[in-house]
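Results of the structural survey
Read off the chains here:
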Amino acid sequence: MPTAAERRRHYQDFTAEVLELCTDPGVRRDLRDGRGRPVKECLRMHKYLTVRTAGHGQRHAHYTVASLIALADPLEALRTRPTPTLRHTADEPAVQPSPAAPHPPAADHSRTRAAPVGAVAGDLPSGPPDTPGPGQPDPDPCTATAWRKRPNLGATMARAVRRAAFNEDRTDDLLHVIVRVGDDHLHQHLLPSLTDRLLRAGLAWDWPVLLDDLAARVFDPDRVATRWLDAFYLTLNPIKD
């Protein structure tokens, strides 16, 4: 059984590879075809995802996230690829990621691997005092400390309120629906529609963190729900040091 660190690294690598795959319009179309579908109906996705998900479990979560990534403009996603987290205080703005040149698609899309994607700067309070100071990047975005500082579903929904004029009360209500519904309804209906809204507003999920939470939700939905709700309210109302 993989350790938590190994799972995080896999989620990081998997989503990076899907971003690379989506630079090919045909592959992106096949992956987007799985939007809102159970795995058994995602026949066009297996060529690209079967090998990448084998032995990692939670196939539905992997396929859902891959289909959501395929909704975004692939070259824009690569240009704005997240960089390692730069820590900041509640009074300091988050550092925006630097543009990166897109990479050409690999010749064999069913087996090629891509470089990991870094973390996204978070809005949540600072971590323990032994972590890097303000302005210093975490050396590995997949460590437990760095991972907790990355924006989860709740934090991203709060950002939509703060940065994209989403109605706070309606977004709060939607989050409470999300944490209560079953996985099938979440994967097939709520996540695709919400992802569309975020992308139109110029926002996106931290894909590895979303995948991690969707996989964990199957076994401990209450813990994931609490994490999402905490992040939503703390991002809207950051605690100042």
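Everything in this summary refers to the structure shown in the same document.

Rules and cut-offs
- Residues numbered from 1 in each chain as written.
- Predicted model: local features only at pLDDT ≥ 70, side-chain atom pairs only at ≥ 80, totals over all residues.
- Heavy atoms only, no water.
- Helix = DSSP H or I, 4+ residues; strand = E, 2+ residues; numbered from the N terminus.
- Buried < 20%, exposed > 50% of the residue type's maximum accessible area, 1.4 Å probe, protein only.
- Contact = heavy atoms within 4.5 Å.
- Areas by Shrake-Rupley, 256 points an atom, 1.4 Å probe, with all protein chains shown as cover.
- Axes fitted to C-alpha atoms, helices over the stretch in contact; angles between N-to-C directions.
- Parallel < 35°, antiparallel > 145°, perpendicular 65-115°, else oblique.
- Left-handed = near helix turned anticlockwise from the far one by under 90°.
- Nonpolar A, V, L, I, M, F, W, Y, C, P; charged D, E, K, R; others polar.
- Expected span 1.5 Å × (residues − 1).
- Polar contact = N/O pair within 3.5 Å; in protein donor to acceptor, adjacent residues only side chain to side chain.
- Salt bridge = Lys/Arg side-chain N within 4 Å of Asp/Glu carboxyl O.
- Phe/Tyr/Trp six-rings, centres within 6.5 Å; stacked < 30°, edge-to-face > 60°.
- Lys NZ or Arg CZ within 6 Å of the ring centre and 35° of its normal.

**Quick notes on the overall build of the protein**
Along the protein, the regular secondary structure elements total 11 helices and zero strands. The helix and strand sequence of the protein, counted from the amino end, reads α-α-α-α-α-α-α-α-α-α-α. Across the 241 residues that make up the protein, the buried fraction comes to 46%. Sequence separation of at least 24 residues holds for 74% of the intrachain contacts in the protein that already meet a minimum separation of 6. In the structure as shown, the protein presents an accessible area of about 11,800 Å², 53% of it carried by carbon and sulfur atoms.

**Considering the packing of helix 1 (residues 4-21) against helix 4 (residues 59-69)**
Helix-helix packing: each pair is described by the crossing angle between the helix axes and the interaxial distance. Packing of helix 1 against helix 4 leaves a shortest axis separation of 10 Å and a crossing angle of 40°. Taken together, helix 1 and helix 4 sit at an angle that is classed as oblique. Crossing angle aside, the handedness with which helix 1 passes helix 4 is right-handed. For the pair helix 1 and helix 4, the contacting residues are His 10, Tyr 11, Phe 14, Thr 15, Val 18 and Leu 19 in the first and His 62, Val 65, Ala 66 and Ile 69 in the second. Class assignment of the residues belonging to the contact of helix 1 with helix 4 gives a composition of seven nonpolar, three polar and no charged.

**Focus: helix 8 (residues 168-180)**
The end-to-end C-alpha distance of helix 8 is 19 Å, a good match for the 18 Å that 13 residues give at a rise of 1.5 Å each. In this structure, the buried residues of helix 8 make contact with helix 7 (153-164), helix 9 (183-200), helix 10 (207-217) and helix 11 (221-236). Here helix 8 starts with a cap whose side-chain oxygen sits 3.1 Å from the backbone nitrogen of Asp 169, and that cap is Asn 167.

**Details of the pattern of salt bridges**
Scanning the entire structure with this criterion turns up 10 salt bridges. Of the charged contacts in the structure, one is a salt bridge between Arg 52 and Glu 17, with a shortest N-O distance of 2.8 Å. Of the two residues, Arg 52 sits in helix 3 (residues 46-53) while Glu 17 sits in helix 1, which places them 35 residues apart along the sequence. For the pair shown, Arg 52 and Glu 17 are each scored as buried. For Arg 227, the salt bridge goes to Asp 213, with nearest N and O atoms at 2.7 Å. Of this pair, Arg 227 sits in helix 11 while Asp 213 sits in helix 10; the two residues are 14 residues apart in sequence, bridging distant segments of the chain. Overall, the relative accessible area of 32% leaves Arg 227 in the partly exposed class. The buried category is assigned to Asp 213, whose relative accessible area is 3%.

**Some thoughts on the packing of helix 7 against helix 11**
Following both chains from N to C, one finds helix 7 and helix 11 inclined at 30°, their axes separated by 6 Å at the closest point. By the criterion of interaxial angle, the relationship of helix 7 to helix 11 is roughly parallel. Between helix 7 and helix 11 lies a crossing of right-handed hand. Across from Leu 153, Gly 154, Ala 155, Met 157, Ala 158, Arg 159, Val 161 and Arg 162 in helix 7, the residues of helix 11 making contact are Trp 228, Ala 231, Phe 232, Thr 235 and Leu 236. Across the contact of helix 7 with helix 11, the residue classes tally to nine nonpolar, two polar and two charged.

**Quick look at the environment of Arg 37**
Within the element layout of this structure, Arg 37 appears in the loop between helix 2 (25-32) and helix 3. With relative accessibility at 33%, the residue Arg 37 sits in the partly exposed group. Between the C-alpha atom of Arg 37 and that of Gln 188, which follows or precedes it by 151 residues, the distance is 5.9 Å.

**Quick look at the environment of Cys 142**
With respect to the secondary-structure elements, Cys 142 resides in the loop between helix 5 (74-79) and helix 6 (144-149). Here Cys 142 falls in the buried class, since its relative accessible area comes to 4%. Along the sequence, Cys 142 and Gln 12 sit 130 residues apart, while their C-alpha atoms lie 7.6 Å from each other. In this structure, Cys 142 is in contact with Arg 8, Arg 9, Gln 12 and Trp 147, ignoring residues within four places of it in sequence.

**Here we look at the packing of aromatic side chains**
Counted by the stated rule, this structure contains one aromatic pair. An angle of 80° between the planes, with centres 5.2 Å apart, marks the rings of Phe 232 and Tyr 233 as edge-to-face. Positioned above the aromatic ring of Trp 147 is the side chain of Arg 150, whose terminal nitrogen or guanidinium carbon lies 4.6 Å from the ring centre. Of note, Arg 197 hangs over the ring of Phe 166, and the distance from its end group to the ring centre comes to 4.1 Å.

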